[in-house]
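Listed here are the chains, written in short residue letters.
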Amino acid sequence: MGITHDYLEELRGLTAQLRSEDLFEAETTGPFTAYQLETERGTAFSLILYRSARVAVMKVFCSAGTVIPCHSHGDLVKEILVVTQGEMTVGFADGTVLTVCASDEVSVPPGVIHSAGFAVDTWFIALTIPAAAAWPAPR
């Protein structure tokens, strides 16, 4: 007996129906908490999928043209970014620049300053280990 329902396609359809004002409230009424992320330009939001003291898992959307400014998540927090759709460019304080495409990942060690840019609409998963205390934060 196979799966007869495409839940991913249904989720895409429901996401397309969301109004922008629904996405940027500090907390949603549903099972996820949504936050608007700080950007230099563009639109970015995060849905917290799971959070404990040991790990936080977020699904993040950034529109084409978005730039997330230089930041770090503290000296003890490692971040792993996995692009699920689109492409992101991650820049590091040492001058290294990486392009991360769909199905690729990048690991940001604790305390490392980094930024991100998005030429196309992009979805990615962000894991912080342990959970970053101040990220994402309500705006």
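Please refer to the structure higher up on the page.
What counts and how
Residues numbered from 1 in each chain as written. Predicted model: local features only at pLDDT ≥ 70, side-chain atom pairs only at ≥ 80, totals over all residues. Heavy atoms only, no water. Helix = DSSP H or I, 4+ residues; strand = E, 2+ residues; numbered from the N terminus. Pairing = 2+ DSSP bridges. Axes fitted to C-alpha atoms, helices over the stretch in contact; angles between N-to-C directions. Phe/Tyr/Trp six-rings, centres within 6.5 Å; stacked < 30°, edge-to-face > 60°. Buried < 20%, exposed > 50% of the residue type's maximum accessible area, 1.4 Å probe, protein only. Core = buried A, V, L, I, M, F, W, Y, C linked by side-chain atoms within 4.5 Å. Contact = heavy atoms within 4.5 Å.

## What to know about the environment of Ala102
Thought 1: Secondary-structure assignment places Ala102 in the loop between β7 (97–101) and β8 (105–108).
Thought 2: Note: C-alpha distance between Ala102 and Val83 (19 residues apart in sequence) is 4.8 Å.

## Some points on the sheet that holds strand β4 (residues 67–71)
Whether parallel or antiparallel, the strands of a sheet pair through hydrogen bonds between backbone atoms.
Thought 1: Spatially, four strands are ordered β4-β9-β6-β7 in an open sheet, and the strand pairing comes out antiparallel. In this open sheet, the two strands that pair with only one neighbour each are β4 and β7. Adjacent strand axes in the sheet meet at a mean angle of 20° when their direction is disregarded.
Thought 2: Here five bridges tie strand β6 (residues 87–92) to β7, and the two strands are oriented antiparallel to one another.

## Quick word on unusual backbone geometry
Thought 1: Cis peptide bonds are those with omega within 30 degrees of zero, and the linkage from Ile129 to Pro130 qualifies with -10°.
Thought 2: Counting through the fold element by element, Pro130 comes out in the segment after β10 (122–129).

## Quick notes on the packing of aromatic side chains
Thought 1: Under the counting rule described, the total for this entry stands at four aromatic pairs.
Thought 2: Relative to Phe61, the ring of Phe45 lies with its centre 5.6 Å away and its plane at 35°, an arrangement referred to as tilted. Here Phe45 is found in strand β2 (residues 44–51), whereas its partner Phe61 is found in strand β3 (residues 56–62), with 16 residues between them in sequence. Phe61 shares its class with Phe45; the two are buried.
Thought 3: Note on Phe61 and Trp123: the rings are 5.1 Å apart at their centroids and 50° apart in plane angle, and the pair reads as tilted. Highlighted residues: Phe61 in strand β3 and Trp123 in strand β10, separated in sequence by 62 residues.

## Notes on the nonpolar core
Thought 1: Of all hydrophobic cores here, the largest spans 22 residues; its most connected members are Val60, Cys62, Leu81, Met88, Val90, Phe118 and Phe124.
Thought 2: Put simply, the parts of the chain that give this core at least two residues each are β2, β3, β5 (78–85), β6, β8 and β10.
Thought 3: If one sorts the elements of this core by residue count, β3 sits on top with four residues.
Thought 4: Look past the residues within four positions of Cys62 in its chain and what remains in contact with it is Thr43, Ala44, Ile68, Phe118, Val120, Asp121, Thr122 and Phe124.

## Section: the sheet that holds β10
Thought 1: Reading across the sheet, the six strands line up as β1-β2-β3-β10-β5-β8 and stay open at both edges, with antiparallel pairing between neighbours. Looking along the sheet, the strands with just one partner apiece sit at the ends: β1 (33–36) and β8. Each adjacent strand pair in this sheet contributes to an overall mean axis angle of 25°, direction not counted.
Thought 2: The sheet contact formed by β2 and β3 spans seven bridges and is antiparallel. Each bridged residue has a counterpart across the sheet, and for Phe45 the counterpart in β3 is Phe61.

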